[in-house]
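Report on the structure
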Amino acid sequence: MRVAVLGTGLIGGSIAAGLRELGHVVVGWDPDPAHAATAETRGLIDSVADDRAGAIAGADLVVLAGPPAAVIAGVGELSTPALVVDVAGVKVPVLAAAAGRRFVGTHPMAGREHGGPEHASAGLFRGAAWVVVTDGADPADLATVEGLVEALGAIPVHMTAGRHDAAVAAISHLPQVVAGALLGHAATEADRLELAAGSFRDLTRVALSDPEAWSQLLVANAAEVGPQLRELSDRLGAIAAVVEAADSSALRSALAESRERRRSLAPPVVAVSVILEDRPGELGRVGTALAESRVDVRDLQLRHGRHGGGGVLTLSVRPGEAETLAVALADQGFELA
């Protein structure tokens, strides 16, 4: 196919790169010419169009990969017989704006804290859920989009626009707000952040995301985010009451329930933490240990020293493989944390 990707940042650039690898011809356009130029230089797209109209001319598929406000404002202005899809993180207002068009709303549940085409990758979506919105979509177009999603390595999940917006409010939009609130709360005393370690950094990682894009998402999904924030506030208030009452039994029950819910999100793992020194080749030696041990790495996190100087790398592996990995790391001269 000939594909027009309007918006060549992290998501649009990654989609473009994946489609090019599949043999499609990809033309890109971006309101920021520097983004489009970077996408072309990196080989994410075949060419850069001078404007939106030039990008979509002759296209079989148009991918709207801009921020929500741009997608909502622009989808109604498109003049093309091509199938149009978007990847915005909110769906109800997008579907309303696209009414009457050949359109399928989608949302890949993948990304990074840092945007832009310089961080784009054809492998970004591998193993990720990718919502495909069923509202008003032609079955043949749904099948086309689902096939492309699978070809990019993602797992298509059919949802209505309303169900999608309610779900992402809970699992994506609220965490963004909570991370900011937690940072603001901790920063009220200057020396608190000096003590911030793994759990705090994990909980607030998403606060590194683009504030412009997120402010648009939160406003566009205000009908879901607002009420859910108030529900979460009520839940925190109830927990505060239990803490103030020193009800250890109720707390223990609530924490145990939370632990089981968290465990259900992923297979059980065992963490192995290794100390990295500030010298070249450290990660290469970790790679050697992984290759020799042949363990199945399920997750990894690197905690940097505050002012450089190495850090601690935590590798999560299947239960029963931790000792094998520990031995391989020791053979490479590493000290476990």
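Residues numbered from 1 in each chain as written. Predicted model: local features only at pLDDT ≥ 70, side-chain atom pairs only at ≥ 80, totals over all residues. Heavy atoms only, no water.

From N to C terminus, the chain includes 13 helices and 11 strands. With respect to the principal axes defined by its C-alpha atoms, the chain has extents near 60 × 50 × 40 Å. The buried share among the 337 residues of the chain stands at 37%. Put simply, of all contacts in the chain between residues at least 6 apart along the chain, 62% involve residues at least 24 apart. Summing over all exposed atoms, the chain offers an accessible surface of approximately 17,800 Å²; the carbon and sulfur share of this is 55%. Side chains of the chain give 27 positive and 41 negative charges; the mean places of these two sets differ by 4 Å. (Helix = DSSP H or I, 4+ residues; strand = E, 2+ residues; numbered from the N terminus. Buried < 20%, exposed > 50% of the residue type's maximum accessible area, 1.4 Å probe, protein only. Contact = heavy atoms within 4.5 Å. Areas by Shrake-Rupley, 256 points an atom, 1.4 Å probe, with all protein chains shown as cover. Lys, Arg positive; Asp, Glu negative; His and termini not counted. Charge placed at Lys NZ, Arg CZ, Asp CG, Glu CD.)

Strand order in the open sheet formed by three strands is S9-S11-S10, and the pairing between neighbours is antiparallel. A single partner strand is all that each edge strand has here, and the edge strands are strand S9 (270-276) and strand S10 (297-304). The mean angle between the axes of side-by-side strands here comes to 20°, regardless of whether they run parallel or antiparallel. Pairing between S9 and strand S11 (residues 311-317): seven bridges, direction antiparallel. Residue pairing for S11: Ile-275 is matched across the bridge by Val-312. Together, S9 and S11 form the strand contacts of helix H13 (residues 322-331), whose direction differs from that of S9 by roughly 10°. (Pairing = 2+ DSSP bridges. Axes fitted to C-alpha atoms, helices over the stretch in contact; angles between N-to-C directions.)

Another point: the packing of helix H12 (residues 282-293) against H13. Relative orientation of the contacting elements H12 and H13 amounts to 135°, with a least axis distance of 9 Å. Between H12 and H13, the crossing angle belongs to the class labelled oblique. The way H12 lies across H13 gives a crossing that is right-handed. Of the residues in H13, those touching H12 at Ala-289, Leu-290 and Ser-293 are Thr-324, Leu-325, Ala-328 and Leu-329. Across the contact of H12 with H13, the residue classes break down as five nonpolar, two polar and no charged. (Parallel < 35°, antiparallel > 145°, perpendicular 65-115°, else oblique. Left-handed = near helix turned anticlockwise from the far one by under 90°. Nonpolar A, V, L, I, M, F, W, Y, C, P; charged D, E, K, R; others polar.)

Ala-322, Leu-325, Ala-326, Ala-328 and Leu-329 are the residues of H13 that are buried. The buried residues of H13 occupy one face: seen down the axis, they fall within an arc of 165°. What points out from H13, more than 90 degrees from its buried face, is the exposed set Glu-323 and Asp-331. Turning to H13, the residues buried within the fold contact S9, H12 and S11. Count one or two residues on from H13 and you reach Gly-333, which has phi positive near 90°. (Arc of directions from axis to C-beta.)

Turning our eyes to something else, we now look at the side chain of Thr-106. Of note, Thr-106 is situated in strand S6 (residues 103-108). A polar contact is formed between the side chain of Thr-106 and the side chain of Trp-130, at a distance of 3.0 Å. (Polar contact = N/O pair within 3.5 Å; in protein donor to acceptor, adjacent residues only side chain to side chain.)

Quick look at the packing of aromatic side chains now. Aromatic ring pairs are defined here through the distance separating the ring centres and the angle between the ring planes. All told, the structure shown has one aromatic pair when counted by the stated rule. Judged by centre distance (4.9 Å) and plane angle (50°), the ring pair of Phe-125 and Trp-130 falls under tilted. Across the pair, Trp-130 and Phe-125 agree in class, each one buried. Here the basic side chain of Arg-285 rests over the ring of Phe-334, its NZ or CZ set 4.1 Å away from the ring centre. (Phe/Tyr/Trp six-rings, centres within 6.5 Å; stacked < 30°, edge-to-face > 60°. Lys NZ or Arg CZ within 6 Å of the ring centre and 35° of its normal.)

Right, let's talk about the side chain of Gln-216 for a bit. Within the fold, Gln-216 resides in helix H9 (residues 211-220). For Gln-216, a relative accessible area of 17% puts it in the buried group. For Gln-216, the residues in contact, after removing those within four places along its chain, are Pro-67, Pro-68, Ala-69 and Ala-70.

In this section: the packing of helix H7 (residues 161-186) against helix H10 (residues 222-244). As a packed pair, H7 and H10 sit with axes 9 Å apart at the nearest point and diverge in direction by 55°. Viewed along their axes, H7 and H10 adopt a mutual orientation that is oblique. Crossing angle aside, the handedness with which H7 passes H10 is right-handed. On the side of H7, the interface is formed by Gly-162, Asp-165, Ala-166, Ala-169, Ala-170, His-173, Leu-174, Val-177 and Val-178, while H10 contributes Glu-224, Val-225, Gln-228, Leu-229 and Leu-232. Residue composition of the contact of H7 with H10, grouped by class: nine nonpolar, three polar and two charged.

A few words now on the sheet that holds strand S7 (residues 129-133). Overall, mixed pairing links the eight strands, which are arranged S3-S2-S1-S4-S5-S6-S7-S8 in an open sheet. Of all strands in the sheet, those with a lone pairing partner are strand S3 (47-48) and strand S8 (155-159), marking the two edges. Note: strand S2 (residues 25-29) against S3, two bridges, orientation parallel. Following the sheet pairing, Gly-28 is matched in S3 by Val-48.

Its location among the elements puts Val-242 in helix H10. Beyond its immediate chain neighbours, meaning those up to four positions away, Val-242 contacts Asp-247, Ala-250 and Leu-251.

Any link to function would need more than the numbers given here.
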